[in-house]
Amino acid sequence: VALPTAFFKVTGRAAVESARDLRDLVERFQGEGVSQFCLDLSECLLMDSTFSGALAHLASTLGPKAETGCPRIVLSRPNDRIRDLLDSLGVLSLVGVLEELAQQPAGEMTEVDLGSSSKRQVAECCLESHRLLMALRPENVTKFKEFTRTLERQLQSPISP
């Protein structure tokens, strides 16, 4: 963290397992005075729709900076595959994209362990992410309608996850 910005490095897969953690981290850092978030994706190979939806949710919730109109969520060095995914889902227009960071974060990076999420919490995050993606673009409704129905039924079930 270098106020007013928090820097995150996402390695490997940005997927459902870490989407809720990202949301929780952003909320935690917001409470500590951070107003902009930069995700270094240079070592991120893949991103799934849940993580993409979580990004969209955060970007929509935070909105742009009042003084500049710039997005509060910035992605650094996403590969073409991730960029294409975010563009096709309608998320790319909500975030900023940098090929290189103008300023490298000072200090050392520390790994953050947020503990574990219950299956129900993961399912709720997944459902919220996909609902937002469907609201962003009509094409996403076709892609995710059946999946969100399945999640809704699962969460309404007396023996839900």
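Please refer to the structure placed before this passage.
Keep in mind that this is a model prediction, so the values were computed, not measured.

Let's shift gears to helix α3 (residues 80-89). When we look at burial in α3, the residues that qualify are Ile82, Leu86 and Leu89. Along α3, the residues classed as buried sweep out an arc of 70° about the axis, all on the same side. In α3, the exposed positions angled more than 90 degrees off the buried face are occupied by Asp80, Arg81 and Asp84. Summarising the contacts, the buried residues of α3 are in contact with β2 (36-47), α2 (49-62), β3 (73-76), α4 (119-136) and α5 (138-156). Between a side-chain oxygen at the N-terminus of α3 and the backbone nitrogen of Arg81 the separation is 3.1 Å; the capping residue is Asn79. Taken from the residues just after α3, Gly90 is the one with a positive phi, measuring 90°.

Right, let's talk about the sheet that holds β2 for a bit. Strands sit in the order β1-β2-β3-β4 across an open sheet of four strands; the sheet is parallel. Sheet topology places β1 (5-14) and β4 (96-98) at the edges, where each strand pairs with a single neighbour. The mean inter-strand angle of the sheet, taken between neighbouring strand axes irrespective of direction, is 25°. Inspection of the sheet shows β3 paired to β4 by three bridges, in the parallel sense.

Procedures and definitions
Residues numbered from 1 in each chain as written. Predicted model: local features only at pLDDT ≥ 70, side-chain atom pairs only at ≥ 80, totals over all residues. Heavy atoms only, no water. Buried < 20%, exposed > 50% of the residue type's maximum accessible area, 1.4 Å probe, protein only. Helix = DSSP H or I, 4+ residues; strand = E, 2+ residues; numbered from the N terminus. Arc of directions from axis to C-beta. Contact = heavy atoms within 4.5 Å. Polar contact = N/O pair within 3.5 Å; in protein donor to acceptor, adjacent residues only side chain to side chain. Pairing = 2+ DSSP bridges. Axes fitted to C-alpha atoms, helices over the stretch in contact; angles between N-to-C directions.

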